[in-house]
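Inside the fold
One-letter residues, chain by chain:
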Amino acid sequence: MIGFLKGKSQISLIMSVVFAAALSLCAAGIIFQRYVADILLTVLLVVFAMRLVKTKKFMPAGLMLVVTIMALALRHIGF
């Protein structure tokens, strides 16, 4: 949402909706394969890491990278 609100980036809005919908389906149990959510989170992890390296600014890519790492870790400790 921030990318869309600040930079008017429609691709940012579209991709956030796609990833949020897919991860929501995984969380709701509609998509039963456990690895699908892991793959989606790993893709997000790579994208945010690349953006952080490119911009060298913590906000917003660094924060999203930390949140994605936490989400991936929490999935594997059974939270």
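First, a word on what this report is: a plain description of the structure on this page.

Calculation rules
- Residues numbered from 1 in each chain as written.
- Predicted model: local features only at pLDDT ≥ 70, side-chain atom pairs only at ≥ 80, totals over all residues.
- Heavy atoms only, no water.
- Helix = DSSP H or I, 4+ residues; strand = E, 2+ residues; numbered from the N terminus.
- Contact = heavy atoms within 4.5 Å.
- Polar contact = N/O pair within 3.5 Å; in protein donor to acceptor, adjacent residues only side chain to side chain.
- Salt bridge = Lys/Arg side-chain N within 4 Å of Asp/Glu carboxyl O.
- Buried < 20%, exposed > 50% of the residue type's maximum accessible area, 1.4 Å probe, protein only.

**A word on the environment of H76**
Relative to the elements of secondary structure, H76 occurs in helix α4 (residues 58–77). Residues H76 and D38, 38 residues apart in the sequence, show an inter-C-alpha distance of 9.4 Å. In this structure, H76 is in contact with R34 and D38, ignoring residues within four places of it in sequence. Here D38 takes part through its side chain, which lies 3.3 Å from a polar atom of the side chain of H76.

**Comments concerning the pattern of salt bridges**
A side chain of one charge can pair with a side chain of the opposite charge if their charged atoms are brought near each other. Inspection of every chain in the model, using the stated rule, returns one salt bridge. Between D38 and R75 there is a salt bridge; the shortest N-O distance is 3.0 Å. Separated by 37 residues along the polypeptide, D38 in helix α3 (residues 34–55) and R75 in helix α4 bring together distant segments of the chain. Residue D38 is classed as buried on the basis of its relative accessible area, which comes to 16%.

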